[in-house]
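# Coordinate inspection notes
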Amino acid sequence: MSERVAGDAESWVKKAITFYKASGKRIALAEFMDPDGQFVQDEMYIYVLNPKGTMLAHGGNEKFMGEEFIEVKDYDGKSFIKKIVQIANTEGSGWVDYKWYHPVTGQVLPKTVYFEKVDDLIICSGDYKEFSKGVALLHDPMLNKGTAFTETDRDALKLHGLLPPHVQTQEEQALRVMSNFQKKPNDLERYIQLVGLQDRNETLFYHVVMNNIEEMMPIIYTPTVGKACQEYGHLFRRPRGLYLSMNDKGKIAEILMNWPYKDVRVIVVTDGERILGLGDLGAFGMGIPIGKLSLYTACAGIHPSYTLPVLLDVGTENEALLNDPLYTGISQRRARGKAYDKFFAEFVRAVHKVFPKALIQLEDFANINAFRLLHEYKNRTCIFDDDIQGTAAVTLAGVYSALRITKGQLRDQTLLFLGAGEAGIGIGNLIVSALIDEGMSKGEALKRCWFMDSKGLVVKSRKDLVEHKLNYAHNHPFCPDLMMSIQSLKPTALIGASGMPKSFTQQAVEAMTKLNERPIILALSNPTSKAECTAEEAYTWSNGRAIFASGSPFPPVTYHDQTFVPGQGNNVYIFPGVGLGVIACEAKYVTDHMFLTAAKSLASQVLESDLVQGRIFPSLKRIQEVSAVIATAVAEVAYKDGLAHKKRPADLLAYIKSQMYKPVYQNYI
Ligand code: NAI
């Protein structure tokens, strides 16, 4: 936040006028708009109106340039621009008060603008007048520093007496958090501790999470978040995120406006129908968008105030929840068909209206809705489905890395998928795109991928296949089980996305090892209890030859003196980087080309030292660096494909890195 003091707006405007007089209109207006220029600093910037209220330059948002602002109202509906124009045209300069959201904290705060008319320009700059103080400040998780408020802070912000006298450093606070974390009896208790911290002090929460990412990831996300969702209403302490229920039909935009942060850039939304591999958890699914968005911040430095978790409560089919007095959602059966579609369409429209720059990530929708919604909206709005596209990209990256070990080519692989749902088919589709990109025909590319579902091998003769499986229904005799499919197809890679634990049997892994020097075995089903096989099983049954990765983490395995570090095919390697890239260039859509590029970028960042240990994904310790590089590659695609709204900075990677959130306390005074 700024080191500037109240009253700066006037000197800021005067400085701008001096610059304008020395450089002329064209250069001055360009300089006022330059995010790296001398007139944009934290929440301070210059905006310039003409005498009719048209925006000629805006240092906070270049898209406002050329817009008619005369009718623009502030947060309370006050026509403050009209007032500025009127005073400037009659008196030449003045001050006007209004309420606006703070670009750094997202708080709506009273602001006062100073303006002066020079020639045909009204040059304006605003100061935020108030900042939360006292107890209100301690209760604002985005601003609270707890015991780390300094003596000077405590003097200026009316905090004396409200905190114990000893001032701690952020490191000391982090030490306390970690020592309590280690003392907790189980992971669910650790989850509760961390969520509590996030609710009190987001900066400290992210400081701890980002500095201990390998230890924290399984707590704030899979597998612990799954357990937390199962008991969400029972663990409920403080609401977080936005709930939109079927009862809110017609009022969704209004409800989105209740969200306290006004510059939302990433929304993760679920309807709770297919939470991880755990099924329909209805409104208890809220833990998932919250967890995913924490990862956006922790892994790609997206400012917490840019993130909005949303739970669409359309009911549940989960009998236990319907009968649970502590259920937090609406106790009714799921809306389906037209009612559901209308509700979702209203949600998308409302997001466009209230948060026009937001990227929407669909999360844990059941596949009856996921494929459909993605198909319907992906060419109309900035949206993607992480279960389909994120999983696909991370898995493709894993396959590319595995091929660095086997020295093979993607076009020569035969991939057998156990599970033909969102994850499996999504992976298949991206692999097909990658093969087409390499020059293969679509027909040939589809034949590299084979699918099994709960009824057996997906083949042409089957009459029970749903739409999304049809592309992969090849002309081949039907095989009812995995062993027969392996023997008949001789795959080089086995990819598990079935949610069926233990389905990669010893016999299956041995058969894969007989067929391949280094079989690729990916057991992606989450949580850990659902994995198709464990890391230890894959390495032991293949005599240490399997190239293995899983969806949930497994500890290293020592087999015959060699230690293998199993990679985690966690979408977290992809979605934060993709999201960061999309919002950095303000991309119009999220395309398959972006995911393909993200997968290649991720695979290229796996080090030789990782591969030697059998790890086909980078260490999580490098995740922020990895995400920045992926974001750059993704934004580059948007620029090349003409999908970026924002002007390309000269050094894209440096720009993206400069935008990333750092969990250090800001100076408020
Ligand atoms: P889904 O419900 O859309 O699909 C499951 C598929 O498995 C269906 O095609 C079903 O017919 C098939 N299946 C069920 N029992 C089977 C059996 N005994 N043999 C063969 N096929 C069987 O679920 P979705 O979204 O595709 O997720 C599947 C699993 O993948 C889940 O456990 C999920 O946690 C995991 N997943 C992992 C990710 C990762 O590691 N990065 C990301 C997304 C999902």
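Before reading further, recall that the structure is shown in the block above.
The present account deals with the structure reproduced in this document. (Residues numbered from 1 in each chain as written. Predicted model: local features only at pLDDT ≥ 70, side-chain atom pairs only at ≥ 80, totals over all residues. Heavy atoms only, no water.)

### Quick notes on the environment of Ser305
Stated precisely, the cut-off is as follows: Each helix is a run of H or I in the DSSP string that is no shorter than four residues. Each strand is a run of E no shorter than two, and both are numbered from the N terminus.
Along the polypeptide, Ser305 turns up in the loop between helix H13 (287-300) and strand E8 (307-313). Sequence spacing of Ser305 and Ile70 is 235 residues, and the spatial spacing of their C-alpha atoms is 28 Å.

### Things to note about the side chain of Ser601
To be explicit about the condition: Here's how the labels work: a residue is buried when its accessible area is under 20% of the maximum for its type, exposed when over 50%, partly exposed in between, all with a 1.4 Å probe on protein chains only.
Tracing the backbone shows Ser601 in helix H24 (residues 592-604). Take Ser601: its relative accessible area is 9%, and that puts it in the buried class.

### Re the pattern of salt bridges
Threshold: We count a salt bridge whenever a side-chain nitrogen from Lys or Arg sits within 4 Å of a carboxyl oxygen from Asp or Glu.
Taken as a whole, this structure holds 37 salt bridges when the rule is applied. When the shortest N-O distance is used, the salt bridge between Arg380 and Glu376 registers 3.7 Å. Here the salt bridges do not stand alone but share partners, grouping Lys63, Asp263, Arg265, Lys357 and Glu586 into one network.

### Quick look at the sheet that holds strand E13 (residues 456-457)
Formally: If DSSP finds at least two bridges between two strands, the strands pair. The contact definition used throughout considers only heavy atoms, calling two residues in contact when any of these lie within 4.5 Å. Axis angles are defined between N-to-C directions and span 0 to 180 degrees, where every axis is a line fitted to C-alpha atoms and, for a helix, only to the segment in contact.
Within the open sheet, the 7 strands sit side by side as E13-E12-E11-E14-E15-E16-E19. Their pairing is mixed. Among the strands making up the open sheet, the edge pair consists of E13 and strand E19 (567-568). As paired strands, strand E12 (residues 449-453) and E13 are joined by 2 bridges and run antiparallel to one another. Among the inter-strand pairings, Met452 is bridged to a residue of E13, identified as Leu457. Where helix H17 (residues 386-406) meets the sheet, it contacts strand E11 (415-418), strand E14 (493-496), strand E15 (520-523) and strand E16 (547-550), and its direction lies at approximately 155° from that of E15. Docked against the sheet, helix H18 (residues 422-437) engages E11, E12 and E14, running at close to 175° with respect to E12.

### Structural notes on the packing of aromatic side chains
Aromatic rings in a pair are described by how distant their centres are and how their planes are angled relative to each other. What counts here: Classification of ring pairs rests on two measures: the distance between centres of Phe, Tyr or Trp rings, Trp counted by its six-membered ring, which must be within 6.5 Å, and the angle between planes, read as stacked under 30 degrees, edge-to-face over 60 and tilted in between. Whether a charge sits over a ring depends on NZ of Lys or CZ of Arg being within 6 Å of the ring centre and within 35 degrees of the ring normal.
Under the definition given, this model contains 24 aromatic pairs. Through pairs of rings, three or more aromatic residues link up here, namely Trp12, Phe19, Phe32 and Phe39. The ring of Phe39 is capped by Lys15, whose NZ or CZ atom sits 5.3 Å from the centre of that ring. Of note, Arg190 hangs over the ring of Phe181, and the distance from its end group to the ring centre comes to 5.6 Å.

### Examining the site of the ligand
Put simply, the rule is: The near set for a molecule or strand comprises every residue that places at least one heavy atom within 4 Å of it. Definition of a polar contact: a pair of N or O atoms within 3.5 Å, with one able to donate and the other able to accept a hydrogen when the atoms are protein atoms, and with sequence-neighbouring residues admitted only if both atoms are side-chain atoms.
Taken together, 24 residues form the shell around the ligand, and within it Arg274, Asn367, Ala423, Gly569 and Asn571 come nearest. Between the ligand and the protein, one listed contact pairs an oxygen atom with a backbone N or O atom of Ala420 at 2.9 Å. In this structure, Asn571 approaches the ligand through a side-chain N or O atom, which is 2.4 Å from a nitrogen atom. Elements that contribute at least two residues to the shell around the ligand include exactly H18 and E12.

### Digging into unusual backbone geometry
A cis amide bond links Thr222 with the next residue in sequence, Pro223, at an omega value of 5°. Topologically, Pro223 is positioned in the loop between helix H9 (213-220) and helix H10 (224-230). Here Asn526 and Pro527 are connected by a cis peptide whose omega angle stands at -10°. Here the phi dihedral of Asp561 falls at roughly 70°; this positive angle occurs in a residue that is not glycine. Looking at the secondary structure, you find Asp561 in the loop between strand E17 (557-559) and strand E18 (562-564). Judged by relative accessible area, Asp561 falls into the exposed class, the value being 80%.

### Observations regarding the pairing of strand E7 (residues 266-270)
Rule in force here: By convention, orient the strands away from the viewer: a clockwise path from the first strand over the helix to the second makes the crossover right-handed.
With respect to burial, E7 is a largely interior element, 5 of its 5 residues being buried. Side-chain alternation along E7 places Val266, Val268 and Thr270 on one buried face and Ile267 and Val269 on a second face that is also buried. Judged from the 5 bridges that link them, E7 and E8 form a sheet pairing that is parallel. Residue pairing in the sheet places Ile267 in a bridge with Leu308 of E8. What joins E7 to E8 is H13, and the crossover it makes is right-handed.

### A short note on the pairing of E12
Counting buried positions along E12 gives 5 out of 5 residues, so the element sits mostly inside the fold. Alignment of E11 against E12, held across 4 bridges, turns out to be parallel. The residue of E12 that forms the bridge with Phe417 is Phe451. Connecting E12 to the next strand, E13, in antiparallel fashion are 2 residues.

### A short note on helix H21 (residues 506-515)
Within H21, burial applies to Ala508, Val509, Ala511, Met512 and Thr513. Where H21 is buried, its residues meet helix H20 (482-489), E14, E15 and helix H22 (535-541).

### Here's the deal with the packing of helix H8 (residues 202-211) against H13
When two helices pack together, you describe them by how their axes are tilted relative to each other and by the distance separating the axes. How we decide: Should an angle fall under 35 degrees it is called roughly parallel, over 145 degrees roughly antiparallel, and 65 to 115 degrees roughly perpendicular, with every other angle called oblique. Amino acids are sorted into nonpolar (Ala, Val, Leu, Ile, Met, Phe, Trp, Tyr, Cys and Pro), charged (Asp, Glu, Lys and Arg) and polar (every other residue, Gly among them).
Viewed as axis vectors pointing N to C, H8 and H13 meet at an angle of 70°, and their least axial separation amounts to 10 Å. Relative to H13, the element H8 lies roughly perpendicular. Contacts between H8 and H13 involve Phe205, Tyr206, Val209 and Met210 from the first element and Leu293, Ser294, Thr297 and Ala298 from the second. Among the residues making up the contact of H8 with H13, the classes are represented as 6 nonpolar, 2 polar and no charged.

### Some remarks on the side chain of Thr492
Relative to the elements of secondary structure, Thr492 occurs in the loop between H20 and E14. There is a polar contact of 2.8 Å between the side chain of Thr492 and the side chain of Gln413.

### Some thoughts on the packing of helix H6 (residues 170-183) against H8
Quick reminder of the rule: Left-handed is the label given to a crossing in which the near helix is rotated counterclockwise from the far helix by less than a right angle, and right-handed is the label when the rotation is clockwise.
The contact between H6 and H8 brings their axes to 10 Å, and the two run at 70°. Accordingly, the angle class assigned to the pair H6 and H8 is roughly perpendicular. As for the relative orientation of H6 and H8, their crossing is right-handed in sense. Here H6 contributes Gln170, Glu171, Gln173, Ala174, Val177 and Met178 to the contact with H8, which in turn contributes Thr203, Leu204, His207 and Val208. Looking at side-chain class alone, the contact of H6 with H8 contains 5 nonpolar, 4 polar and 1 charged residues.

### What about helix H1 (residues 8-23)?
Short version of the rule: In a helix, the anticipated span is given by 1.5 Å times the number of residues less one.
Look at H1: 22 Å from first C-alpha to last across 16 residues, which is about the 22 Å you get at 1.5 Å a residue. Burial in H1 covers these residues: Asp8, Ala9, Trp12, Val13, Ala16, Ile17, Phe19 and Tyr20. Among the structural elements, helix H2 (25-33), strand E3 (93-101), strand E4 (108-118) and strand E5 (121-128) are those in contact with the buried residues of H1. A positive phi of about 90° marks Gly24, the residue just after H1.

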